[in-house]
Structure formats: structure tokens, C-alpha cells
Amino acid sequence: MSLSFSRFNFLSSLLAGTATVAALVVTQSAVIAAKSPQKIAQMAIPMTVQINPQKGGGGSGVIIKKQGNSYDVLTSIHVVDKRLGLSIRTHDGKTYPPTNIQKLGTTESSDLAIVTFSSPVTYPVAKLANSDQAVIGSQVFVFGYPALDGKSNAARDFEFSPGFVTSRPSKGAPKGFEPYTMRYNAVTKGGMSGGPVFDVDGRVVGIHGFGGQEAEAGGGSPQKTGFNAAVPIKTYETLRQVAQRVPNVEVDNTPSTDKPSERLTNPKSAADFVAKGGVEHEQGDKSQAINAYTQAINLDPNYADAYYQRANARYDQGDKQGALEDYTQAISRNPDYANAYFQRGVIRFNQGDKQGAVADLDRYISLFPDDVDAYYNRGVIRRNLQDAQGTFEDFDKLVSLAPNDARAYYNRGLARAGLQDRQGTLEDFNQAISLNPNWIVAYNTRALHRRRMGDREGAIADLTEVLRLEPKNAVAYFNRGLIRRDLGERQEAIADLQSAADLFQQKSDTSNYQKALEKIQSIQASLNVPAIEPLPAVESDEPALDNSGSQLPAVDSDEPIFDAPATETEPADDSGW
């Protein structure tokens, strides 16, 4: 399963300055006061850092301790894991090499890490808070450095995304992401992983790092849930108490000044209603969520995020047209609302407006030129439009962004097939299979491509591997039987086609059962052996169906098998950061 990290929101006009402020010092007995979003953003700027690799994207982190000239930065393991040439960039543009990188467990147990750097410059230190106080309905602010407008690594600008806690599960999901137990509707983006999540008092209650996804019904492509998540500071506090070498940082237990219960039970402002809608949406009450978002819009007709969140709820409820209209309203109020372009593009594609979908993804990619899912989706749409060159360009870019993703090579191979680049197609299928040696679809597709290149033995080897992985794959028997027929191996061909027929019959697939028998009849006739039963004539080598019910091209066809996406796909975040 492809997992993703983060998405974004905009408060750029609100946050024009980058002035350094002194460290916030709060004692256990201090009386604290809620701070304005502007003040929290100003505090966040000098204590949040970029973590940049030598190549590729980057993540974020927050300074939590200073000892002499040594600074400890709390971030996510997946931000620093297996990244070459890491550097720390502070808000004043200075760059420092890490003097130490310490993983606090694993991504599955904590997804927290400490990166240490040394500097004679004085930087403020964040105050950590008791994250148990960040209950459902609490307001939070996610801060970090996303890859916006084509900027990467040191060129990235900060973003500040407000939201509300929508749930506090005892264990995060999906499997492997159990530490992410603070979920919120703050919209974030790749590059913000490892960044701080602040409460209304300007204290860090979590480390952001996960963009929520869930599989569509029926096993389709991952669907963006609209909710993101953080590892609570409580996890760090537990590690600090039980593990050695974890920096000893005081956690402020002063009660929060936020009033989430009042916000949810007696909402008054547009923001309150958005918070209420987010909680109801995640709890599954889409109708009540839509009502709450509508009340927010009534109070503030220019609230772009209220339209966006209502669109998500309408989409989940099955009202695709209403969702499209709300995404359009969000865009009209915020022309840079990238997520709304992405979501609207998905709906336009599913409604048959492929050119409109491409236009929306063009705009999204102009804002986020390194988003792997944007190129994947646009490539699929361009393939539907029979734009062979555009399809190749999108999947070629996908390969450069995700060089270890088998899906990227496989789809580039399909694009190269459309350009009649047979050798390049084979090389991409080879690479896809080397990265995912159990990918049945890739073996099936490479088998047909090898046959078209005249390598029938290679094609048989691929189909034999399919049958090793899935012994009841009727399509593999059917296609291997036809190739063996072409090689003159008639008895072996009959055996394969009979196996295919038996499997189709077991699945009550009468049409393909009859096609398999017709092939057997044809081969037996060539052997001067009576046919096993008379069958009506079949006009051509029509394809069998795979186990999912999607039609595969005939082995004699010049067209490759497409690993087609689900009828409707929901955008996902880019992976890793």
C-alpha cells in the first residue's frame, strides 16, 4: 500500500514577517493565555527548521532543546531515514550539518527522531505540552516547509495550517502507522512532515507526518480521507522516561486555555462550525457534517476551507456534482487552493470531462511539480485521451520522482508501447518486475509484449511464473495455451486451454469457457481428432477476463494490457515526506 505524508493550506497574507522572537518560557505554575494565530506563527518561524537531503525533497523539524551551542531537533524518522547528505537549515538561511541523528524506535513504534546540530547563533526553543489535553475539537496549527510552487529543499517557504482535532484513536491506522493517534483536518503537504503541531497556547502537542488514506470499497485505489495526523508529544514523553540518551525536555502540564467542548456543543463562529463538521465527518455522520459546514459558510461566505471540507463530505456521501461545485467555490475564493484543483480534476475525469481534468491537474502541478500522484493521475487521463507523448512525459517524470516504485516503470512501459518503443517497453517491464517480483499483472503484460517481439519462450516463462504465483489464473492458462499453439506444441496447448476452460466453468464464466473450448476445437481439428463438442463460430481470439473482471487484450493483439485504475480514484499525498 502506498502511504503518504501531508498536504497544505495557506495563510501567506497573514504571515508576512519572519522576525526572530525570544524563546517562550513557561513554568508548571505559570498562567498562560491563548495566543492569536499570527502570534503562534511568528513564534513557530524561528524554532522550526528545514531538514534537507542532498537530493530530492525535504522535511521539517522543531528545536526542543539547547545546551551550549548544541541544538536538538525533534522530527520524524521517515524524514531522516536513508537520506544522504542531510543538512539543517534555520529560518535565517544558515545551513548546518547534523552532528548526530538518533532514531527513537522505528516508524512503526514512534516515527520520532532527534537530529542534533551545533551553532553559535541563539535560536528559540519550543515548549512541549501535555498532548492529552489536545482532545477532540481542540484547535491546532501545523507548521512546516512544503514543496510549493516548484520550490524544493532550501528554496521552500514556510506554511501555517490551522485545523481541529477530529479524533484521538488509541492506535493509528493503517498497519505500520500506529503512532499516529492525533488526527485533525488541518490541510498539509509533503515537506511538512516532522514539523510541529501547536495548541492555542503556542506549545507543541505533536509532530506532524501522516496524510490519511483508506482503500476504496471493492479494493480500488487509495482514497484521501481529508484528515491528517501527528504523533502526540505523549509518545516522546514516554520514550524519554524509559529510553536512554533521549533528550530530557520538560513537558508543560499547565491546563490549556482552549475550550473544545464548548466549541462543539455550542458553536458560534464559522471556525467553530468547521471544527464541528470535521468531527462529525470523521465519525461517519456526513449529513450532519455538511450541515455544520453550511452554517460556517452562512456565517462567512468567503471561507474557502469550509467549501472544501463540505465538498469532501459531499463526495463521500456520493454527491459528486455537489462536491465539484463546492471545490469550484473554494477555488474562486482561493485561486491557489491546490487540493481543490486536484479533487475537482478527479471528478471531472469521472464525469467524462477529460480535458477539464487535465487543466485542473496542470494547475495543481504548477503549484506542486514534485507530486507523484498528480503525474500518475494526469498520465492515466492523457492515456485515455490517446496522448501518447504526454502520457510518456508524465510517467517518465514519475520514474524520476519515485525511482523505486514498480508502478512508475510499469506505466512508463505502457506509454512507451504507445510510442512503438518496444525495447524501452521491455526494459521498463523488466525493472517493474525486479522491484515487485510478485506482480502478476506485470508478468501477464510482459508475456504479451514478449510474444509480439517474437520471444515466445520468454512469454511462456512469464505466464508460467503467473501460474506459480496464482495456480488458478485462467487468463494465464488461456494465453499460454495460445502461445504454445503458435509454437506447434499442440498437446500442451490443449492441456492449458482445457485448464482455462475448467476454471472459467467453475466461475460460471460461460462466454470465456466457450472461447477456450473453441480454441481446443480448432487445435484438435488440425490434429484430425474429433472435436470434444460442436460450438458456434467465434469471430476472433477474444480475450479472457482476469480475476477482477477487467478485460485483457487478446494475445494476438498489438495493444498492451493496461493496469487500469479504478473507475473513480481519489488523490493521495506524495510519499516519504
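What counts and what doesn't
Residues numbered from 1 in each chain as written. Predicted model: local features only at pLDDT ≥ 70, side-chain atom pairs only at ≥ 80, totals over all residues. Heavy atoms only, no water. Helix = DSSP H or I, 4+ residues; strand = E, 2+ residues; numbered from the N terminus. Buried < 20%, exposed > 50% of the residue type's maximum accessible area, 1.4 Å probe, protein only. Contact = heavy atoms within 4.5 Å. Areas by Shrake-Rupley, 256 points an atom, 1.4 Å probe, with all protein chains shown as cover. Pairing = 2+ DSSP bridges. Axes fitted to C-alpha atoms, helices over the stretch in contact; angles between N-to-C directions. Phe/Tyr/Trp six-rings, centres within 6.5 Å; stacked < 30°, edge-to-face > 60°. Lys NZ or Arg CZ within 6 Å of the ring centre and 35° of its normal. Salt bridge = Lys/Arg side-chain N within 4 Å of Asp/Glu carboxyl O. Parallel < 35°, antiparallel > 145°, perpendicular 65-115°, else oblique. Left-handed = near helix turned anticlockwise from the far one by under 90°. Nonpolar A, V, L, I, M, F, W, Y, C, P; charged D, E, K, R; others polar. Core = buried A, V, L, I, M, F, W, Y, C linked by side-chain atoms within 4.5 Å.

**Observations regarding the overall build of the protein**
Phase 1 of the analysis: When you go through the protein residue by residue, the secondary structure sums to 19 helices and 15 strands.
Phase 2 of the analysis: By the burial criterion, 55% of the 577 residues in the protein qualify as buried.
Phase 3 of the analysis: Taking the contacts inside the protein whose residues are at least 6 apart along the sequence as the reference set, 65% of them involve residues at least 24 apart.
Phase 4 of the analysis: Just so you have it, the protein exposes about 23,100 Å², and 47% of that area is on carbon and sulfur atoms.

**Notes on the sheet that holds strand β4 (residues 87–89)**
Phase 1 of the analysis: Here seven strands make up an open sheet; going across it, the order is β5-β4-β1-β2-β3-β7-β6 and the pairing antiparallel. The open sheet terminates on both sides in strands that have one partner only, identified here as β5 (95–96) and β6 (100–103).
Phase 2 of the analysis: Both strand β2 (residues 59–67) and strand β3 (residues 70–75) contribute to a ladder of five bridges, which runs antiparallel. In the sheet register, I63 faces β3, and the bridge partner there is V73.
Phase 3 of the analysis: Across the sheet, helix α1 (residues 37–47) lies against β1 (48–52) and β2, angled at about 45° from β1, the strand it touches most.

**Topic: the packing of aromatic side chains**
Phase 1 of the analysis: Summed over all chains, the structure comprises 19 aromatic pairs.
Phase 2 of the analysis: With centroids separated by 5.6 Å and ring planes inclined at 65°, the aromatic side chains of Y71 and Y123 adopt a geometry described as edge-to-face. Of this pair, Y71 sits in strand β3 while Y123 is found in the loop between β7 (113–118) and β8 (128–129), placing the two residues 52 residues apart along the sequence.
Phase 3 of the analysis: Its relative accessible area of 2% is what places Y123 among the buried residues.
Phase 4 of the analysis: A centroid spacing of 4.9 Å and a plane angle of 25° characterise the contact between Y308 and Y337, whose relative ring orientation is stacked. Residue Y308 is found in helix α7 (residues 304–317), and its partner Y337 is found in the loop between α8 (320–333) and α9 (338–350); the two are separated by 29 residues along the sequence. One exposure class covers both Y308 and Y337, and it is buried.
Phase 5 of the analysis: Here the guanidinium or amino end of K320 rests over the ring plane of Y315, the centre of that ring lying 4.5 Å away.
Phase 6 of the analysis: Taking NZ or CZ as reference, R407 lies 4.1 Å from the ring centre of Y376, over its face.

**Describing the pattern of salt bridges**
Phase 1 of the analysis: Summed over the entire model, instances satisfying the criterion amount to 35 salt bridges.
Phase 2 of the analysis: Residues joined in a network through salt bridges with shared partners are D362, R378, R382, D387 and D394.

**With respect to unusual backbone geometry**
Phase 1 of the analysis: Of note, the phi angle at D111 is positive, near 50°, even though the residue is not glycine.
Phase 2 of the analysis: Considering the arrangement of structural elements, one finds D111 in the loop between β6 and β7.
Phase 3 of the analysis: The class of D111 is buried, set by a relative accessible area of 1%.
Phase 4 of the analysis: Here S508, not a glycine, exhibits a phi torsion of approximately 60°, which is positive.
Phase 5 of the analysis: Tracing the chain through its elements places S508 in the loop between α18 (490–506) and α19 (510–526).

**Quick notes on the pairing of strand β9 (residues 139–144)**
Both faces of the sheet carry side chains from a regular strand, because those side chains alternate between them.
Phase 1 of the analysis: β9 sits mainly inside the fold: six of its six residues count as buried.
Phase 2 of the analysis: Because side chains alternate across β9, one face comprises the buried residues Q139, F141 and F143, and the other comprises V140, V142 and G144, equally buried.
Phase 3 of the analysis: When β9 meets strand β10 (residues 159–167), the two strands line up antiparallel, connected through six bridges. Residue pairing in the sheet places F141 in a bridge with P162 of β10.
Phase 4 of the analysis: Note: β9 against strand β12 (residues 196–198), two bridges, orientation antiparallel.

**Quick word on the packing of helix α17 (residues 474–486) against α19**
Phase 1 of the analysis: Contact geometry of α17 with α19 gives a least axis separation of 11 Å together with a crossing angle of 15°. If you check the angle between α17 and α19, you find them roughly parallel. Considering only the axes of α17 and α19, their crossing is left-handed. Where α17 approaches α19, its residues F478, L482 and R485 are matched on the opposing element by K515, A516, K519 and I523.
Phase 2 of the analysis: Taken together, the residues of the contact of α17 with α19 sort by class into four nonpolar, no polar and three charged.

**A closer look at the side chain of T181**
Phase 1 of the analysis: Mapping T181 onto the fold places it in the loop between β10 and β11 (182–184).
Phase 2 of the analysis: The contact partners of T181, leaving out residues within four places of it in the chain, are S167, R168, P169, S170, K171, G172, A230 and P232.

**Considerations on the side chain of S76**
Phase 1 of the analysis: Residue placement: S76 occurs in the loop between β3 and α2 (77–80).
Phase 2 of the analysis: On the basis of relative accessibility, which here comes to 0%, the residue S76 falls in the buried class.

**Digging into the nonpolar core**
Phase 1 of the analysis: Counting residues in hydrophobic clusters, the biggest one holds 43 residues, and the most contacted among them are L398, Y410, A432, W439, F478, L497 and F504.
Phase 2 of the analysis: Examining the composition of this core, we find that seven residues originate from one element, α18, more than from any other.
Phase 3 of the analysis: Discounting residues that sit within four places of it in the chain, L398 has contacts with V372, Y376 and A408.
Phase 4 of the analysis: Formed by 39 residues, the second largest nonpolar core is a distinct cluster that contains Y307, A313, F342 and V358.

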